[in-house]
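Architecture at a glance
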Amino acid sequence: KNQVEQSPQSLIILEGKNCTLQCNYTVSPFSNLRWYKQDTGRGPVSLTIMTFSENTKSNGRYTATLDADTKQSSLHITASQLSDSASYICVVSGGGADGLTFGKGTHLIIQP
Amino acid sequence: EPEVTQTPSHQVTQMGQEVILRCVPISNHLYFYWYRQILGQKVEFLVSFYNNEISEKSEIFDDQFSVERPDGSNFTLKIRSTKLEDSAMYFCASSEDGGVLDEQYFGPGTRLTVT
């Protein structure tokens, strides 16, 4: 069964600090891995998309890594801001019009 | 910037009633999706739709669910006879061509409460 596991479940850090969120997956076939940001009560918004041949991708202060051999990914947030408070969801795609397999997300709280 | 819109934002219905959730995808997109998120749980894929046909559907998408594109702009999800466990946030998404790296854009969601 396709699964995406994320850790930690929740994280509290001070504004300005960095943090790293983890994702492990067992999805087959594998096409790409996506990180989404979901604000409370809103739809997910894409941050990065990586295929198996990519091992890092950045989007501003967000940097995602992918190790397709170990089926692990991480999302690193640099110099956190209050607006980064949200759930960060790791999502794996089998490709094409297939649905996406979502993790439960890491709930990140940035404190001033 | 174009965005996916959904109506209503919140729907309350009684068990056994039919509900229709509406979505307006981004205008040049060809693939459409419905997802649901039960409170406190992960987002789950329901169905994808292309060229007026269902492309893929999950085990959740049983005979109580149906999707339709009644005109050139709307994409709807119908639940025929709602159950308490259908209470969830329902997200519509659309993508341009359904390709491997195609970006899916999500709407703000409809919160469905079944009483």
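One can find the structure itself at the top, above this paragraph.
Here's a quick rundown of the structure.

Focus on the interface of chain A and chain B
- Each side of the interface is counted separately: chain A has 20 residues, and chain B has 22 residues.
- In total, about 1,700 Å² of surface goes out of reach between chain A and chain B, with carbon and sulfur atoms giving 56% of it.
- Where chain A meets chain B, there are 0 salt bridges.
- Linking chain A to chain B there are 3 residue pairs in polar contact (both at pLDDT 80 or more).
- Every element with two or more residues in the side of chain A that touches chain B is listed here: strand 4 (32-38), strand 5 (45-51) and strand 10 (100-102) of chain A.
- The element best represented in the side of chain A that touches chain B is strand 4 of chain A, accounting for 4 residues.
- Here the residues of the side of chain A that touches chain B are counted per class, giving 6 nonpolar, 10 polar and 4 charged.

Things to note about the packing of aromatic side chains
- By the definition in use, this model includes 14 aromatic pairs over all chains.
- Consider the rings of A:Phe102 and B:Tyr35, whose centres lie 5.5 Å apart with planes at 70°: the pair is edge-to-face. Of this pair, A:Phe102 sits in strand 10 while B:Tyr35 is found in strand 4 (residues 31-37), placing the two residues in two different chains. Like B:Tyr35, A:Phe102 is buried.
- Here the aromatic cluster, defined as three or more aromatic residues joined through ring pairs, consists of A:Tyr36, A:Phe102, B:Tyr33, B:Tyr35, B:Phe45 and B:Phe106.
- Across from the ring centre of A:Tyr62, 5.8 Å away, lies the NZ or CZ of A:Arg61, which sits over that ring.

Here's the deal with the pairing of strand 4 of chain B
Residue and element names in this part refer to chain B.
- By the criterion of burial, strand 4 is predominantly enclosed, with 7 of the 7 residues buried.
- Burial along strand 4 is two-sided: the face carrying Tyr-31, Tyr-33, Tyr-35 and Gln-37 and the face carrying Phe-32, Trp-34 and Arg-36 are both buried.
- Where strand 4 lies against strand 5 (residues 43-50), 7 bridges are found, and the strand directions are antiparallel. Residue pairing in the sheet places Tyr-35 in a bridge with Phe-45 of strand 5.
- Between the end of strand 4 and the start of strand 5, which pair antiparallel, lie 5 residues, with Gly-40 showing a positive phi angle near 80°.
- Judged from the 7 bridges that link them, strand 4 and strand 9 (residues 88-95) form a sheet pairing that is antiparallel. When the sheet's bridge partners are listed, Tyr-33 is paired in strand 9 with Ala-93.

A word on the pattern of salt bridges
Residue and element names in this part refer to chain A.
- For the coordinates displayed, the defined rule picks out 3 salt bridges over all chains.
- Residue Glu-54 is joined to Lys-57 by a salt bridge in which the shortest nitrogen-to-oxygen separation is 3.0 Å.
- Its salt-bridge partner being Asp-84, residue Arg-61 comes within 2.8 Å of it at the nearest N-O pair. Taken together, the residues span a long stretch of sequence, with Arg-61 in the loop between strand 6 (56-59) and strand 7 (62-67) and Asp-84 in the loop between strand 8 (72-77) and strand 9 (86-93) at a distance of 23 residues.
- Taking the relative accessible area as the measure of exposure, Asp-84 reaches 1% and is therefore buried.

Notes on the state of the cysteines
- In the structure shown here, the tally under the stated rule is 2 disulfides over all chains.
- Paired through a disulfide, A:Cys23 and A:Cys90 show a sulfur-sulfur distance of 2.0 Å. For the disulfide bridge between A:Cys23 and A:Cys90, the dihedral angle about the S-S bond is near -65°, and by the sign convention the bridge is left-handed. Here A:Cys23, found in strand 3 (residues 19-26), pairs with A:Cys90, found in strand 9; they are 67 residues apart in sequence, far enough to count as distant. In this pair, the class of A:Cys23 matches that of A:Cys90, namely buried.
- Through a disulfide, B:Cys23 is tied to B:Cys92; the S-S separation comes to 1.9 Å.

Cut-offs applied
- Residues take numbers from 1 onward in each chain, read along the sequence in its written order.
- Going through the entries in the order they are written, you letter the chains from A and number the ligands from 1.
- Since the coordinates come from a predicted model, pLDDT governs what is reported: local features require at least 70, and pairs of side-chain atoms require 80 or more to be given and counted, while whole-chain, interface and lining totals use all residues.
- Side-chain figures throughout are based on the complete set of non-hydrogen atoms in the structure, without hydrogens or water.
- Any two residues whose heavy atoms approach within 4.5 Å are treated as being in contact.
- When two parts are brought into contact, each loses some accessible area as probed by a 1.4 Å sphere; the total of that loss over both is the buried area.
- A carboxyl oxygen of Asp or Glu within 4 Å of a side-chain nitrogen of Lys or Arg is what we treat as a salt bridge.
- Nitrogen and oxygen atoms within 3.5 Å of one another constitute a polar contact, given that in protein one can donate a hydrogen and the other can accept it, and given that sequence-neighbouring residues count only through two side-chain atoms.
- Secondary structure follows DSSP: runs of H or I at least 4 residues long count as helices, runs of E at least 2 residues long count as strands, and numbering of each begins at the N terminus.
- Here the nonpolar group is Ala, Val, Leu, Ile, Met, Phe, Trp, Tyr, Cys and Pro; Asp, Glu, Lys and Arg are the charged ones; every other residue, Gly included, is treated as polar.
- Centres within 6.5 Å are what make two rings of Phe, Tyr or Trp a pair, Trp counting through its six-membered ring; a difference in plane orientation under 30 degrees is then read as stacked, over 60 as edge-to-face, and the rest as tilted.
- The classification of residues rests on relative accessible area computed with a 1.4 Å probe and restricted to protein chains. Under 20% of the type maximum is buried, over 50% is exposed, and intermediate values are partly exposed.
- Lysine and arginine charges are scored as sitting over a ring when NZ or CZ, respectively, is within 6 Å of the ring centre and within 35 degrees of the ring normal.
- Two strands qualify as a pair provided DSSP detects at least 2 bridges between them.
- Here, the term disulfide refers to a pair of cysteine sulfur atoms separated by no more than 2.5 Å.

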